[in-house]
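So you can see what is in the structure, the chains are spelled out below.
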Amino acid sequence: MKPITSSRSGVTALASAAALSLLASVAVITAVSPAGATTSEKQAAAARSWPSTPDGFAALPGNGRGPTTGGAGGQTVTVTNQADLNKYVTAAEPYIIKVAGTINISPKGTELRVGSNKTIVGVGTKGEIVGGGFFLKAGVSNVIIRNLTIRDTRMPDDDPGDDSYDYDAIQIDTANHIWIDHNRLTRMNDGLLDSRKDTTNLTVSWNHFVENNKTFGIGWTDNVTSKITIHHNWFQNTNSRNPSADNIANLHMYNNYLQNITGYGNFVRGKTKAVIENSYYDTVKDPYYVEAGELVQRGNIVVNSTWGSGKVKEKGTAFDPRSFYSYTLDPAADVPGLLRTYAGPQANIGT
């Protein structure tokens, strides 16, 4: 992933401090993981059911394709090793691929090339991809990546810049109809999720982005065609790109929880038209702001956070998300509790 030139001023200076802060945060992350949840939180998580199809822009037709269905209609297979995982994710046929345990990726940093019409889903909380990730190239469509932990490609000799090893958890380049849901993405050497170039009809929901320098970059294109929904995600103990969005035609973010962010929060730039609703920001540097483009924000809660001098918090009229799809907003005050319980892999998904 190439750097965001216009947004990196100040990030390098912050990165060393951020790295120390992230190391100190490990105890916090452990405390709020499913293993450390209270009995009532575990019961609540087990009781709630989750749909098998996305909402937001991934649920809409576009680019000559219908809603995102992943590998629906294809064979269901269960994998426990890299060879089998790679065999099925790269296949021409549709597959529902269940990851039933921890798969260690070698060489470290390898991003498996995912083909169209695939569902990759962790079985309960068991599915982990360690030391690698996934790459969706231009033209790939109709992919679901769900209920996985993807972690640990961080390289000690590339700290804090993360510039030498382009090791992402999930990288998407001009793909369409993609649903990224209920994953825990952490400690990757580059981005946790990068939606690059003209990727569109993307929904990112109920994920836990935790302990990373570059979190979620969107754009790297001169075109203004992408449509993206980002809702109910927990960004915790990260630095920059939470997300950073460049030249997005319609970016709808709602009910997200940003906690302990050292670089910046939601950054709108280029010709992006963005709407941010009912999100919760706790201890976030520059929680949300617009450099260029348009940003409408409403119903958000911001605590223990500050904006730098000159940061513009809203501008223009952007767009009305309900002109594209219906959705239900949770009260912003409820967002931290909801995401501590439900963000990341769930025991009743993929089983």
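Keep in mind the model is a prediction, meaning the values are calculated, not measured.

## Re the packing of aromatic side chains
Part 1 of the reasoning: Per the stated rule, a full pass over the model turns up 19 aromatic pairs.
Part 2 of the reasoning: Summarising the aromatic geometry, the rings of Trp50 and Tyr342 are spaced 5.4 Å apart at their centres and angled 70 degrees between planes, so their arrangement reads as edge-to-face. With Trp50 in the loop between α3 (39-47) and β1 (75-79) and Tyr342 in helix α5 (residues 335-342), this pair connects stretches of sequence that are 292 residues apart.
Part 3 of the reasoning: The buried category is assigned to Trp50, whose relative accessible area is 16%.
Part 4 of the reasoning: Taken together, a centroid distance of 5.5 Å and an interplanar angle of 80 degrees make the contact between Tyr264 and Phe267 edge-to-face.
Part 5 of the reasoning: When its relative accessible area of 1% is taken as the criterion, Phe267 is described as buried.
Part 6 of the reasoning: Three or more aromatic residues joined by ring pairs make a cluster, and in this case those are Phe57, Tyr254, Phe319, Phe324, Tyr325 and Tyr327.
Part 7 of the reasoning: In this arrangement the basic side chain of Lys311 is found over the ring face of Tyr289, its NZ or CZ atom lying 5.1 Å from the centre.

## What about the environment of Asn86?
Part 1 of the reasoning: Relative to the assigned elements, Asn86 resides in helix α4 (residues 82-89).
Part 2 of the reasoning: Each C-alpha atom, one on Asn86 and one on Leu112, is 6.4 Å from the other, the two residues being 26 residues apart in sequence.

## What about α5?
Part 1 of the reasoning: Across the 8 residues that make up α5, a large majority, 6, are buried.
Part 2 of the reasoning: Where α5 is concerned, the buried positions are Val335, Pro336, Leu338, Leu339, Thr341 and Tyr342.
Part 3 of the reasoning: One or two steps after α5, the chain reaches Gly344, where phi turns positive at roughly 85 degrees.

Conventions and cut-offs
- Residues numbered from 1 in each chain as written.
- Predicted model: local features only at pLDDT ≥ 70, side-chain atom pairs only at ≥ 80, totals over all residues.
- Heavy atoms only, no water.
- Phe/Tyr/Trp six-rings, centres within 6.5 Å; stacked < 30°, edge-to-face > 60°.
- Helix = DSSP H or I, 4+ residues; strand = E, 2+ residues; numbered from the N terminus.
- Buried < 20%, exposed > 50% of the residue type's maximum accessible area, 1.4 Å probe, protein only.
- Lys NZ or Arg CZ within 6 Å of the ring centre and 35° of its normal.

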